[in-house]
Amino acid sequence: MLRGAALAGVAGLGAAACSPGESGSNAPAVPTDPVDLGAAAAVPVGGAKLYREDRLVVSQPAKGEFKCFSAKCTHAGCVLAEVQKEEGHCACHGSRFDVTTGKVLEGPASQPLPEVPVKDRNGKLIAG
């Protein structure tokens, strides 16, 4: 009986880790209004930057070429936890994405990250 109670507590913690309040799963996957992401120079050439609060990830595959995607995992709606070079990682269930294309590199997610228009306006990135 105690073992069952302990497992129920652990399961509750797992559910809390992916709750809408923490991950933004109730928020839209792409912004409905333009979002000022700040300096374009903050995104490294050949790398990417995660804008976790805005639920966006921007990469710069070549100098001056920016790609933006929703950072909301297409599996369960958790926001990506980190980006390393050109890979975005979801800590909730282990999905990995190519942040230059949005493609799934490792599941359980099966759908790519939605692309978001992004423009460099006078050195500032505007998404949406």
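Before reading further, recall that the structure is shown in the block above.
Residues numbered from 1 in each chain as written. Predicted model: local features only at pLDDT ≥ 70, side-chain atom pairs only at ≥ 80, totals over all residues. Heavy atoms only, no water.

Colleague: I would appreciate a short explanation of the sheet that holds strand 3 (residues 56–62) in the present structure.
Modeller: Sheet strands line up and pair through hydrogen bonds in the backbone, either parallel or antiparallel. What the four strands build is an open sheet, ordered 2-3-4-9; its pairing is antiparallel. Two strands bound the open sheet, and with one partner strand each, they are strand 2 (48–51) and strand 9 (115–116). Summarising the sheet, strand 2 and strand 3 pair through four bridges and their orientation is antiparallel. Looking at the pairing, Lys49 lines up with Val58 of strand 3. (Pairing = 2+ DSSP bridges. Helix = DSSP H or I, 4+ residues; strand = E, 2+ residues; numbered from the N terminus.)

Colleague: Would you explain the sheet that holds strand 6 (residues 87–89) in this entry?
Modeller: In space, the four strands of this open sheet follow the order 5-6-7-8, with antiparallel pairing throughout. The strands lining the two open edges of the sheet, one partner per strand, are strand 5 (82–84) and strand 8 (104–106). Between one strand axis and the next, the sheet turns through 30° on average, direction left out of account. (Axes fitted to C-alpha atoms, helices over the stretch in contact; angles between N-to-C directions.)

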